[in-house]
Structure formats: C-alpha cells, structure tokens
Amino acid sequence: MKSFGTRYVARNTRTVALPSDFRHLTIIIRKILIWAALLGIFAVSVNMLVKTVVSKAATMKFDIKLAGIKLPEMSFFSGDKYLIEDDGRDYVVGSGGKTRPAGPDAGGKYLVRLIGISVNEKREEYLKLYKQALAIDRKYLAEASDINLKNPKNIIMITADGGTVYFGDSITRDKLENFSAALDKMKETGRRFKTMNLLYKDMVIIK
C-alpha cells in the first residue's frame, strides 16, 4: 500500500510535453543567437584590424614624407619665433616665415622682436637678412631681446640684459657659435658685457 506522501507526489506531479513545432522553433532561435554573437565578435575583430592597418599606414606615409624633406642647415620645425611691428600692429612670425596678427597671448611667449623689416618685405637685401634670421636656431636666441635689421651692413642683436652684439652684414653659423662660446665664458667668470663684436672670423672683441 502506497504511503500518503507517495500518493501526493503521484497526484500532484505533472509532466509538460512541448509540441514538436515549438521545440523546433526554440532550436532555430538558439542557433540564430549563437550566429549573431559570432558575427558580432567577427565584426569587432575586423574593425580593430582595420584601425591597426590604417594607423600603421598613416605612420609609414608620415615617415616617407619626412624622409623626402631637405631641411636648411640651421632650422627647426615649428613654433612662434619673432615679433614684427608693422604699421602700428604687432605680428607673430613662425619659424617657417608665416606671419599672423599677434593675439593677446603673444606677450606671454618668449619672442624676439625683429626691427627694421616689414611683414610684406619686398627689398631683396632685407629679404636675405630675414631668411638668415629665420634660420637661427633657438639656442642662440635664448639671450636675445631684439634683432635690428635697419642697416643691412650692420646687424645688431640686443640681449635681454642690455648688451649689444654686432654681426656686420650677415648672420652666419660661425658668428653664432662665437657668440655662444663668448657668452658661456662670460657666465663662467660672472662678467657682463656692454658690446660684443663678431665682425672678425676667429676673434670676439668684448667690452
């Protein structure tokens, strides 16, 4: 004779049999979800691969472009370098020679003022000096305040502490190196100069 507990289980347990069409539909839905997940993973992988390839291609293209550029002997790539006053307005000059009106932030930047030359300079002699000034490496301008080009035969640099440097009719690498060496020597000895003459090839005259 069955116990009460056994009878209760037998009477209250139900077995639900799903229709065959419904089970088939469940299998199809499951397959669709699996394929959708696989396609999603594939799409993400392809996207990452494309980005990597494009990034590498852009880098290679940039390197190739740089490899084809012949830079001047004394130059650097970019950045504001000089201030020029023309017709009552200040203009910022980049290392490449491009000019733009000076904004309110120009005063906070370390810019050397170019004197005696116009933004739209046409005079051949002054353009030559302008190109020489643009080619000066930043390290030689660290102590400079102004470069005066008014007299093409007598180019003058004024240093931040008021010294006057005479370049003559050209600004060459040799003169700049002599200027830098003399300046370092003056700093070592703790002396300051009023004038520095760079007109002679292997001699710097300091007063």
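Up top you'll find the structure we're talking about.
Residues numbered from 1 in each chain as written. Predicted model: local features only at pLDDT ≥ 70, side-chain atom pairs only at ≥ 80, totals over all residues. Heavy atoms only, no water.

A separate point is helix H5 (residues 173–189). Compared with an ideal rise of 1.5 Å per residue, which puts 17 residues at 24 Å, H5 spans 25 Å between its outermost C-alpha atoms and is within 8% of the ideal. Every buried residue of H5 is accounted for by Lys175, Leu176, Phe179, Ala182, Leu183 and Met186. One face of H5 carries all of its buried residues, which in axial projection span an arc of 130°. Packed against the buried residues of H5 are helix H4 (138–141), strand S6 (155–159), strand S7 (164–168), strand S8 (195–200) and strand S9 (203–206). Just downstream of H5 lies Gly190, where phi reads positive at about 75°. (Helix = DSSP H or I, 4+ residues; strand = E, 2+ residues; numbered from the N terminus. Expected span 1.5 Å × (residues − 1). Buried < 20%, exposed > 50% of the residue type's maximum accessible area, 1.4 Å probe, protein only. Arc of directions from axis to C-beta. Contact = heavy atoms within 4.5 Å.)

Now for the pattern of salt bridges. In the structure shown here, the tally under the stated rule is seven salt bridges. The partner of Arg123 in a salt bridge is Glu121, and the shortest N-O contact between them spans 2.6 Å. Under the relative-accessibility criterion, Arg123 is labelled partly exposed at 41%. Classification of Glu121 by relative accessible area gives buried; the value is 10%. (Salt bridge = Lys/Arg side-chain N within 4 Å of Asp/Glu carboxyl O.)

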